[in-house]
Amino acid sequence: MKKLAFIFPGQGSQKVGMGKDLYEKYPLAQKMFQEADERLGYSISEMCFNGPSDQLQLTANTQPAILTVSLIIAKILEESGVKPVITAGHSLGEYCALVTAGVMDFADAVYLVHKRGQYMQEAVPVGVGAMAAIIALDRQIIVDTCSSLNEAGYTVQAVNFNCPGQVVVAGTVEGVEKAMEELKAAGAKKCVLLPVSAPFHSTLMQPAAEKLALELDKITLHDAQIPIVTNVTGGIVKTEAEIRASLIKQAAQPVKWEDCIATMQEFAVDAFVEVGPGKVLSGFNKRINRSLTTLNVEDIDSLQKMLDYLQEVV
C-alpha cells in the first residue's frame, strides 16, 4: 500500500453546497453533521448546504464548517481502508490533523474551532487589520522589510510561508499597505490584499491565543497515534504536552507551511491527499515541488478518483 500524507485546508476553501452530496449518500456523514450541529447549538450543516454565503464566511462559522466537511471525508477514506502515515493541516486544518491522529474528539474540535474563530474576530475589530499575499519575492526580503517597518512604528509581519513565491503578510491596515508599497518597490511581482476579516497568525491575535488556551484546558487531548507536523515549527509533534503548547502558539504565530511539506517529504510519502474543500494546498505543492503527487478529495467524484488511483498503483 502507498504511504499517504493527509493534508487539510484552512480558511478560504469554504463554498456553499460543500458536503451535501456526501450527506445524501453516507449515513456516516449524516451522523457527523448532526453531531457538529448539536455541539455548536445551531445548524452548521444547513449553512454548508444552503448558505447564505455571507454567514458561511464569518470566521466563527467558516472554521467549524470546513473542519466538519474535511473530517467527514477523512472518515469515509478511513472506512474505505485509506489511512495516512503522517498528517498536517494549514492553520485551521491543523485541528483536522489532530482528530485524524487521535489527539482530540471530533465534537471537541468542532467546538474549539468555533471558539477560535470567534476569538480571532474579536481580537481585532473588522476594518482595523488586513492581510496581503506577496508574490514572487524572496521570503527573507519580506521578513526584513516587515521588521524594519515595525521598528518605524508600523505593525506588520510575514505570517504564512505557503510556498516558494508566495508569502502572506498581516497587521494593521496601515502597516500592510505600507509593506505592500515597499515590497513592490523591492521587486515583488504582485501584492494582493486578501478578502479576510482579521490579520490571522500575527501578534495582534495574541488575545485570541490566550482565550483559546483557557478553552483548551477544558478539553482532553491524547498523544498522537501518527506523526503530526505542526505549523508553528514545521516539525513533528507527538506528545499531548507538545501538541497543547503548539496549538496555543499557533493562533498568533506564522504558518510555516513550506517547512511542513519539506518535513513530510523526509518521511518518504508516496502521495499527498488534500482532504477537504478546494485545491489550495494542491496548488502550493505544485509550486513547492512539481514532482510531488497530490490528490484532492472534496466530493463523491474526487473520492472515487482517489480510490481508483489507489487500486491502480497498489
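Above this text sits the structure in question.
Residues numbered from 1 in each chain as written. Predicted model: local features only at pLDDT ≥ 70, side-chain atom pairs only at ≥ 80, totals over all residues. Heavy atoms only, no water.

Engineer: Can you walk me through the overall build of the protein in this structure?
Structural biologist: Across its full length, the protein holds 14 helices and ten strands. A compact globule built from 314 residues would reach a C-alpha radius of gyration of about 20 Å, and the protein, at 19 Å, matches this within 12%. Reported as C-alpha extents along the three principal axes, the dimensions of the protein are approximately 55 × 45 × 40 Å. Looking at the 314 residues of the protein, the share that counts as buried comes to 55%. Once the 27 positive and 36 negative side-chain charges of the protein are each reduced to a mean point, those two points are 4 Å apart. (Helix = DSSP H or I, 4+ residues; strand = E, 2+ residues; numbered from the N terminus. Rg over C-alpha atoms; globule rule 2.2 N^0.38 Å. Buried < 20%, exposed > 50% of the residue type's maximum accessible area, 1.4 Å probe, protein only. Lys, Arg positive; Asp, Glu negative; His and termini not counted. Charge placed at Lys NZ, Arg CZ, Asp CG, Glu CD.)

Engineer: Before we go on, may I ask you to explain the sheet that holds strand 2 (residues 86-89) in this structure?
Structural biologist: Pairing between the strands of a sheet comes from backbone hydrogen bonds, and it takes one of two forms, parallel or antiparallel. Here we have six strands laid out as an open sheet, ordered 8-7-2-1-9-10, and mixed in their pairing. Where the open sheet ends on each side, the last strands, each with one partner, are strand 8 (236-237) and strand 10 (294-297). (Pairing = 2+ DSSP bridges.)

Engineer: I keep staring at the layout of surface pockets and nothing clicks. Help me out?
Structural biologist: Take a probe with the size of a water molecule and roll it over the atoms, and the empty space left behind shows itself. Of the pockets and cavities examined, the largest pocket occupies roughly 680 Å³. Going through the elements one at a time, helix 5 (59-79), helix 7 (106-123), strand 4 (156-163), strand 5 (166-172) and helix 13 (280-288) are the ones with two or more residues in the lining of the largest pocket. Ranked by residues supplied to the lining of the largest pocket, first place goes to helix 13 with three residues. In this structure, the second largest pocket encloses a volume near 480 Å³. Looking at the second largest pocket, it is lined by 22 residues, and the ones nearest its centre are K75, E78, V99, T100 and G102. (1 Å grid on protein atoms, 1.4 Å probe; cavity = no way out; pocket = protein on both sides within 12 Å on 5 of 7 lines; lining within 4 Å. Points joined across faces, edges and corners; volume = space filled by probe spheres on them.)

Engineer: Where do I start with the sheet that holds strand 5 in this structure?
Structural biologist: Spatially, 4-5-3-6 is the arrangement adopted by the four strands of the open sheet, whose pairing is antiparallel. The sheet is open, and its two edges are formed by strand 4 and strand 6 (190-193), each paired on a single side. Ignoring strand direction, the axes of neighbouring strands in this sheet form an average angle of 25°. With seven bridges connecting them, strand 3 (residues 129-135) and strand 5 associate as antiparallel partners. Of the residues in strand 5, the one forming a bridge with G129 is T172. Helix 8 (residues 139-151) contacts strand 3, strand 4 and strand 5 of the sheet and is inclined by roughly 165° relative to strand 4. In the packing of helix 13 onto the sheet, contacts are made with strand 4 and strand 5, and the angle to strand 4 comes to roughly 80°. (Axes fitted to C-alpha atoms, helices over the stretch in contact; angles between N-to-C directions. Contact = heavy atoms within 4.5 Å.)

Engineer: Explanation requested: the packing of aromatic side chains in the structure shown.
Structural biologist: The description of an aromatic ring pair rests on the distance of the ring centres and on the angle between the ring planes. All chains considered together, the criterion is met by four aromatic pairs. Between F33 and F49, the ring centres sit 5.0 Å apart and the planes meet at 75°, which makes this aromatic pair edge-to-face. Here F33 is found in helix 2 (residues 27-40), whereas its partner F49 is found in helix 3 (residues 44-50), with 16 residues between them in sequence. Accessibility assignment for this pair places F33 and F49 in one class, buried. In this structure an aromatic cluster arises from ring pairing among Y23, F33 and F49. (Phe/Tyr/Trp six-rings, centres within 6.5 Å; stacked < 30°, edge-to-face > 60°.)

Engineer: Explanation requested: the nonpolar core in the structure shown.
Structural biologist: Here is a general trend for soluble globular proteins: nonpolar side chains tend to be buried in one another's company. L67, L77, M104, I228 and M306 are the most contacted members of the largest nonpolar core, which totals 60 residues. Here I228 is in contact with T87, A97, L98, A101, V103, G235, I236, V237 and I243, once residues within four sequence places are set aside. Counting 18 residues, the second largest nonpolar core, distinct from the first, contains I134, L149, V156 and V176. (Core = buried A, V, L, I, M, F, W, Y, C linked by side-chain atoms within 4.5 Å.)

Engineer: What is the right way to look at unusual backbone geometry in this model?
Structural biologist: When glycine is set aside, most residues are seen to have a negative phi, and most peptide bonds are trans. For the peptide bond that leads from G51 to P52, omega is 5°, which places it in the cis range. Backbone geometry places S91, a non-glycine residue, at a positive phi of 60°. Note on placement: S91 falls in the loop between strand 2 and helix 6 (93-100). Relative accessible area serves as the criterion here: at 11%, S91 is assigned to the buried category. Phi angles above zero are rare outside glycine, and A268 is one such case at about 60°. By relative accessible area, which is 45% here, A268 ends up partly exposed.

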